[in-house]
Amino acid sequence: MDKAWSMKTECVRMDLLDEDARSEALDRAGRIIREGGLVAFPTETVYGLGADAMNAQAAARIYEAKGRPSDNPLIVHIADFAEAEALSGDISPGVRKIMETFWPGPLTIILPKRPEVPDGTTGGLPTVAIRMPSHPLAAELIRKSGRMIAAPSANLSGRPSPTTADHVYEDMKGRIPMILDGGPVNIGIESTILDMTEEEPVILRPGYISPRDLSRVWGGQIHLDPAVASRTMKKDIKAKAPGMKYRHYAPKGRLTLFEGPSSAVTAAINALSAKDRKAGLRVGIIGTEETESLYKGDVVRAVGSRQHPETIAAGLYRILREMDDLNCASIYSESFYDEDLGEAIMNRLLKAAGYRHIKVKPGLGEEGFFIEETDVPGGAL
Ligand code: TXA
Ligand code: MG
């Protein structure tokens, strides 16, 4: 049965408050967490939907509010190194070095869990995901509540992650009592997830902290999980982070990605856009500051600049939500592979597209492009 969601959702603009009012709002948020309720808060990556990590009932409320499958475990957010010890008894010197270098920051570490960590938080897994966020409001909320905070991204399951408090409000209105508004987040895509339960570390989800950053500190190779590295949805590869097997971050419209030299990508997107528009579909196009003016669609957006890949990460989820708001039925996007951050951006975009992507080459004909390879699950062009 569908629950009637009619709770009053208070959204507090933290930057508008003086010291006393700010502290009072954080006290209230901390109390909600201690009493087993939910509070959405900013982190440096995306907004999180927090609850007391050691209270299985509180964690269950997160799944309910998000409409999230209960086998998909939560990340436990901490504010002090000692809290990592309370969650896992297996912190080797190598793991500690990684923690001390990258925390607080956008890195989640998977370790064997202590028995005290409830199954309701870890989705029944014997391991726990731990992260120390660097956003000051996240750290203050954890400290004020006196609890470690389990938090997934604060979107409805399947939707793009929220990068502003408005996005959280859109998805969580009526479902949670309080949102701490700390303005737009800084990074815009979720933390790197590093599995350190095996002999050699494996990245389960790429993010702002890159394999290169990690291997410099680890002193050895950092592997990429095969399900991430393959860039396709192969059934025989089992995703180790349960969350990675779900379609995610997806806009309502049909999203298709194009890869290849810029001129061929632009020509291909314009050709398919014209075809769709003729068929009466509303078309959205995701380009960059460098290419935006070359496109013809109903909604054309620059997600950021190729000169600064971090602007693309920061704008990605906002643009995907905007395509929904503007009712785009067909969405075409450029690809953004480049070193490091490109891997993380494309991991999210491919998932949002249900892995629909098309490789193009420059062509001499009238259209100016060739289709070199298509991977379009669930249907032809
Ligand atoms: O940046 C972030 O990590 C954000 C902010 C709010 O901190 N949080 C976030 O949480 O992205 P969520 O729940 O949307 O994604 C958590 C991912 C899921 O894919 C989940 O399957 C994986 O982490 N995960 C959690 N615990 C795990 C575990 N014990 N083993 C493997 N994967 C795990
Ligand atoms: Mg999420």
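Residues numbered from 1 in each chain as written. Chains lettered and ligands numbered in written order. Predicted model: local features only at pLDDT ≥ 70, side-chain atom pairs only at ≥ 80, totals over all residues. Heavy atoms only, no water.

It is not clear to me how the environment of Thr311 should be interpreted in this structure. Could you clarify?
Checked against the element boundaries, Thr311 lands in helix H11 (residues 309-325). Distance from Thr311 to Ile187, taken between C-alpha atoms, is 8.4 Å for residues 124 residues apart in sequence. The contacts of Thr311, once residues within four sequence positions are left out, are Val303, Gly304 and Ser305. Reaching out from Thr311, the side chain makes a polar contact with the backbone nitrogen of Ser305 at a distance of 2.9 Å. (Helix = DSSP H or I, 4+ residues; strand = E, 2+ residues; numbered from the N terminus. Contact = heavy atoms within 4.5 Å. Polar contact = N/O pair within 3.5 Å; in protein donor to acceptor, adjacent residues only side chain to side chain.)

How should I be thinking about the packing of H11 against helix H12 (residues 341-352) in this particular structure?
Packed helices, taken two at a time, are described by the angle their axes make and the gap between the axes. Relative orientation of the contacting elements H11 and H12 amounts to 15°, with a least axis distance of 9 Å. By the angle between their axes, H11 is roughly parallel relative to H12. Here H11 runs over H12; the crossing is left-handed. Contacts between H11 and H12 involve Pro309, Glu310, Ile312, Ala313, Leu316, Tyr317 and Leu320 from the former and Leu341, Ile345, Arg348, Leu349 and Ala352 from the latter. Partitioning the contact of H11 with H12 into residue classes produces 10 nonpolar, no polar and two charged. (Axes fitted to C-alpha atoms, helices over the stretch in contact; angles between N-to-C directions. Parallel < 35°, antiparallel > 145°, perpendicular 65-115°, else oblique. Left-handed = near helix turned anticlockwise from the far one by under 90°. Nonpolar A, V, L, I, M, F, W, Y, C, P; charged D, E, K, R; others polar.)

Can you help me understand the domain arrangement of the chain in this one?
For interface size, the figure often reported is the accessible area lost on association. The assigned domain composition of the chain is domain 1 (3-229) and domain 2 (254-375). Distance from the C-alpha centre of domain 1 to the C-alpha centre of domain 2: 30 Å. Contact residues are listed per partner, giving 24 residues for domain 1 and 16 residues for domain 2. Buried area between domain 1 and domain 2, summed over both chains or domains, comes out near 1,600 Å², and the portion from carbon and sulfur atoms is 52%. Viewed at the interface, domain 2 and domain 1 are joined by five salt bridges. Across the domain 1-domain 2 interface, the total number found is nine residue pairs in polar contact (both at pLDDT 80 or more). No other element matches helix H7 (residues 165-172), which puts three residues into the side of domain 1 that touches domain 2. (Domains from an automatic or database assignment. Buried area = accessible area lost by both parts, 1.4 Å probe. Salt bridge = Lys/Arg side-chain N within 4 Å of Asp/Glu carboxyl O.)

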